[in-house]
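# Secondary and tertiary structure notes
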Amino acid sequence: MKGQSLSLLTTLGWRNLWRHPRRTFVILFAIILGVWFMIISAGMMIGIVEQQLKDTIFNLTGHAQIHHKKFRDDPAIEHSMSAPSKELLAVLNSNEVKKWSSRIRLPAVVTSERESRGVTLLGIDPAREQGLSFIGKPVVAGRALESIDDKGIIIGRRMAEKLETRIGKRIVLMMQDKNNEVADRGFRIVGLYQAELEATELAYVFVGLKTAQKLLDIGNELSEISLLTDSRKDLESLVTSLRVAAPDLESMSWQELEPLVVLTMEFYEAFMIYWYFIIFAAMGIGLTNTMLMAVFERTREIGLFQALGMRPSYIVGQVLMETLILLIIGVALGNLLGWFTTDVILANGIDLSAFAKGTEQFNMSSTMMLTLRTNDLMQINILVILLGLLASLYPAIKAARYIPVEAITRT
Amino acid sequence: MSTVTLNKVCKIFGEGELAVFALRDVDLEINAGDFVCLSGPSGSGKTTLLNMIGGLDRASSGEITVNDQRVDKLNKGDLAEMRLRNIGFVFQAYNLIPVLSARENVEFVMQLQGIATEVRHQKAIDILKEVGLSGLEDRSPSELSGGQQQRVAVARALVSEPALILADEPTANLDSVTAENLMDLLRSLNDEHGITFVISTHDKLVMSHARRLLKMHDGKIVDDIQQR
């Protein structure tokens, strides 16, 4: 199509739209609403997935981990690993890795004067956990662990309630040591932490790394090394480097460590496309109907176009151009409204604390943050425009099929 | 040289017992530069004949040639192209595009033909001046009188200098003074530009302007009169 014809079709499309302003505004409103709803839905779904992923990574998983090869199947003390070798340290201290930390992670039993509960004991390096996991954040009561040989213990706020204990009280940790003997020791509670999920607060207790190693009599041995990179994507080369540097150990990316999260993400991505189609269906029917009405009303004019020498393909183009202008305006305003809703009105997320029990079941935080990604916006916009054009293809083809002599004489 | 040739052209509407012959074996030759009027009572086949020549409708049988092109053999797209390059139309009901101004209506065909913006702007202004609409170029059709609208339609038909202009009852909605002016205009354009005109009409005034008068009855040309 030549530029001049395109400019003619644009002129006709634009002016035809405003012949019936009310009708145009109604369908425009439907498009804006549809696009807005798609953006909000996408924002919510992506927000949920991103939050879950963030929680997973921040909940001691990191972007990648290194373990003894049998540790994941049986997280027992005999499946500990030695302190990182020179080669492994070279990779861990390279520019590819933003943060890393060594940990002891073992099943244990914690006992207060009143209650006992099964937990996972984590021996950590508090300084290295800053920005790597949630335990690097300030505690909500008491103090944080100060060094790897800190003698205190930090437990979850909820765990303190369950154990009916509090800061300053002593609790006893029991676990198996390397000789399969019960190792136990009393710890004074020095701080309480708060996590996004109550289950996390009940699952983990934290002591200093060195303190845990001493308690278990394992020298410098470790259970895991967790690390963070600049991006959660493109971890393949780093994991390969880790595997080369430590061939006797198991190096895994978060995708391998948390396949369920990956599946959830994939499910949401696929579901969103179906969801867009469902939303579009309502909008598309309205659009088809509007363009059919427009074509029907302009039968005589279309006959005139044909008589004056407009090719059938140009007539299709003329109807599509009118739809395209409508869609571009609708999509632009829908995006603007979507952006305003997600980034201004709901910038602090949607408070779901009233449904905290339910959100906990789905591993969701009580605040739902809406997240907009450029590629999802592009996906919505392209989808709406393409499907919109597809929806108006029927009226367009119908117009092009008019017989000139019948069209031009229709009253 | 013939601009239009019809050879045994028939047009039948309906089928079986309900079949109506709108044209019966019409043979016709119209020479380049001619000014032809088709006259006859309603239902005699004037408009059908114009539609066949213009490729707006298809003949049931027979051959139609316009400017050496077999109209009856062309597909829909090629027919549109043929009309774009060879034929200008003037309709009874003016048929201007309501969302375009007078000048844009005149430019419409040239724009489809791909003529450069400056050239078509100038041609549109010149032709509107020629049909007496200077100063009204930017008015929309609804802001023009019936006579002015018909002049815009004539300007649109003329501006790309087609080989043939087909006009279906062009004066039917005009008062006698406006109709007289329009016919004078068409005749002078025919004289000056040598464009072939074929006009269907009931109007004696229009017939009086014709060089050649074809009388039709029951789908046949029953009389062919050279006037002046």
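In this text the structure is predicted, and so the values were computed from the model without any measurement. (Residues numbered from 1 in each chain as written. Chains lettered and ligands numbered in written order. Predicted model: local features only at pLDDT ≥ 70, side-chain atom pairs only at ≥ 80, totals over all residues. Heavy atoms only, no water.)

Next up on the list: the overall build of chain B. Along chain B, the regular secondary structure elements total 7 helices and 10 strands. Here the C-alpha radius of gyration of chain B, 17 Å, is about what a compact globule of 228 residues would show, namely 17 Å. A principal-axis box enclosing the C-alpha atoms of chain B has dimensions of 55 × 40 × 35 Å. Each of the 228 residues in chain B was classed as buried or not, and the buried ones make up 57%. In chain B, once contacts between residues fewer than 6 apart in sequence are set aside, the share between residues at least 24 apart is 68%. Working note: accessible area of chain B is about 9,300 Å², and carbon and sulfur atoms make up 46% of it. Averaged over its 24 positive side-chain charges, chain B has a centre that lies 2 Å from the centre of its 32 negative ones. (Helix = DSSP H or I, 4+ residues; strand = E, 2+ residues; numbered from the N terminus. Rg over C-alpha atoms; globule rule 2.2 N^0.38 Å. Buried < 20%, exposed > 50% of the residue type's maximum accessible area, 1.4 Å probe, protein only. Contact = heavy atoms within 4.5 Å. Areas by Shrake-Rupley, 256 points an atom, 1.4 Å probe, with all protein chains shown as cover. Lys, Arg positive; Asp, Glu negative; His and termini not counted. Charge placed at Lys NZ, Arg CZ, Asp CG, Glu CD.)

Residue and element names in this part refer to chain B. If you walk across this open sheet you meet the 4 strands as S2-S1-S4-S5, and the pairing is antiparallel. Since the sheet does not close on itself, it has two edges, and those belong to strand S2 (20-31) and strand S5 (69-70), each with one partner. Where strand S1 (residues 2-13) meets S2, 8 bridges bridge the pair, whose relative direction is antiparallel. In the strand pairing of S2, Leu6 is matched with Leu28. (Pairing = 2+ DSSP bridges.)

This part is about the packing of aromatic side chains. By the definition in use, this model includes 14 aromatic pairs over all chains. On the basis of an interplanar angle of 20° and a centroid distance of 5.3 Å, the ring pair of A:Phe305 and B:Phe108 is categorised as stacked. In this pair, A:Phe305 is assigned in helix H11 (residues 299-307) and B:Phe108 in helix H3 (residues 102-113), connecting two distinct chains. Look at B:Phe108 and you get buried, because its relative accessible area is 0%. Pairing A:Trp339 with A:Phe340 gives two aromatic rings, centres 6.4 Å apart and planes at 55°, and the pair type is tilted. Judged by its relative accessible area of 38%, A:Phe340 is partly exposed. The ring of A:Phe187 has A:Arg185 lying over it, and the distance from NZ or CZ to the ring centre is 4.6 Å. One residue, B:Arg187, lies across the ring of B:Phe35, its end atom 5.6 Å from the ring centre. (Phe/Tyr/Trp six-rings, centres within 6.5 Å; stacked < 30°, edge-to-face > 60°. Lys NZ or Arg CZ within 6 Å of the ring centre and 35° of its normal.)

Turning our eyes to something else, we now look at the pairing of strand S8 (residues 204-208) of chain A. Residue and element names in this part refer to chain A. The buried fraction of S8 amounts to 5 of the 5 residues, a majority that puts the element mostly inside the structure. Pairing between strand S3 (residues 116-124) and S8: 5 bridges, direction parallel. Following the sheet pairing, Gly123 is matched in S8 by Val207. Pairing geometry for strand S5 (residues 153-156) and S8, over 2 bridges, is antiparallel. Within S8, the position partnered with Ile154 by the bridge is Phe206.

Looking now at the interface of chain B and chain A. In many reports, interface size means the accessible area that the parts give up when they come together. Taken together, the contact between chain B and chain A spans 31 residues of the former and 28 residues of the latter. Interface area for chain B against chain A, summed over the two sides, is near 2,500 Å², with a carbon-plus-sulfur share of 61%. Counting across the chain B and chain A interface gives 3 salt bridges. With a shortest N-O distance of 2.6 Å, A:Arg15 and B:Glu104 are connected by a salt bridge. Linking chain B with chain A are 12 residue pairs in polar contact (both at pLDDT 80 or more). Among the secondary structure elements, those contributing two or more residues to the side of chain B that touches chain A are helix H2 (76-86), H3 and helix H4 (117-130) of chain B. Counting residues per element, the side of chain B that touches chain A draws most heavily on H2(B), which supplies 7 residues. In terms of residue class, the side of chain B that touches chain A is built from 16 nonpolar, 7 polar and 8 charged. (Buried area = accessible area lost by both parts, 1.4 Å probe. Salt bridge = Lys/Arg side-chain N within 4 Å of Asp/Glu carboxyl O. Polar contact = N/O pair within 3.5 Å; in protein donor to acceptor, adjacent residues only side chain to side chain. Nonpolar A, V, L, I, M, F, W, Y, C, P; charged D, E, K, R; others polar.)

To continue, consider the sheet that holds strand S3 (residues 35-39) of chain B. Residue and element names in this part refer to chain B. With mixed pairing, 6 strands are arranged side by side in an open sheet as S6-S7-S8-S3-S9-S10. Strands at the two margins of the open sheet, each flanked by one partner only, are strand S6 (87-90) and strand S10 (220-226). Each neighbouring strand pair of the sheet contributes to a mean axis angle of 20°, computed without reference to strand direction. By the bridge criterion, 4 bridges tie S6 to strand S7 (residues 164-168) in an arrangement that is parallel. When the bridges of S7 are listed, Val90 appears paired with Ala167. Along the sheet, helix H6 (residues 176-193) makes contact with S3 and strand S8 (196-201), crossing S8 at roughly 155°. (Axes fitted to C-alpha atoms, helices over the stretch in contact; angles between N-to-C directions.)

All right, on to the environment of B:Arg212 then. Residue and element names in this part refer to chain B. Here Arg212 shows up in strand S9 (residues 212-217). Arg212 gets classed as buried once you look at its relative accessible area, which sits at 8%. Taking C-alpha positions, Arg212 is 6.3 Å from Cys37, a pair spaced 175 residues apart along the chain. Apart from residues no more than four positions distant in its own chain, Arg212 is found in contact with Leu28, Glu29, Ile30, Asp34, Phe35, Val36, Cys37, Asp224, Ile225, Gln226 and Gln227. In terms of polar contacts, Arg212 uses its side chain to reach the backbone carbonyl oxygen of Glu29, at 2.6 Å.

A word on the domain arrangement of chain A. When its domains are assigned, chain A resolves into domain 1 (2-57 + 261-409) and domain 2 (64-228). A separation of 51 Å is found between the C-alpha centroids of domain 1 of chain A and domain 2 of chain A. (Domains from an automatic or database assignment.)

All names here are of chain A. Considering the arrangement of structural elements, one finds Thr342 in helix H12 (residues 312-345). Look at Thr342 and you get buried, because its relative accessible area is 2%. Within the structure, the side chain of Thr342 is placed 3.3 Å from the side chain of Asp343, a separation counted as a polar contact. Excluding its chain neighbours within four sequence positions, the residues that come into contact with Thr342 are Ile40, Ala347, Leu370 and Leu372.

Turning next to empty space enclosed by the protein. To find leftover empty space, one rolls a probe the size of a water molecule over the atoms. Residue and element names in this part refer to chain A. For the structure shown, the criterion picks out 8 cavities of 30 Å³ or more. Its boundaries defined by the atoms lining it, the largest cavity holds a volume of some 70 Å³. The wall of the largest cavity is formed by Asn16, Leu17, His20, Arg23, Thr24, Ile27, Thr290, Met291, Ala294, Arg298, Glu322 and Leu326. Listed by contribution, the elements that provide at least two residues to the lining of the largest cavity are helix H1 (3-17), helix H2 (21-61), helix H10 (259-297) and H12. Of the residues in the lining of the largest cavity, the class split is 5 nonpolar, 4 polar and 3 charged. (1 Å grid on protein atoms, 1.4 Å probe; cavity = no way out; pocket = protein on both sides within 12 Å on 5 of 7 lines; lining within 4 Å. Points joined across faces, edges and corners; volume = space filled by probe spheres on them.)

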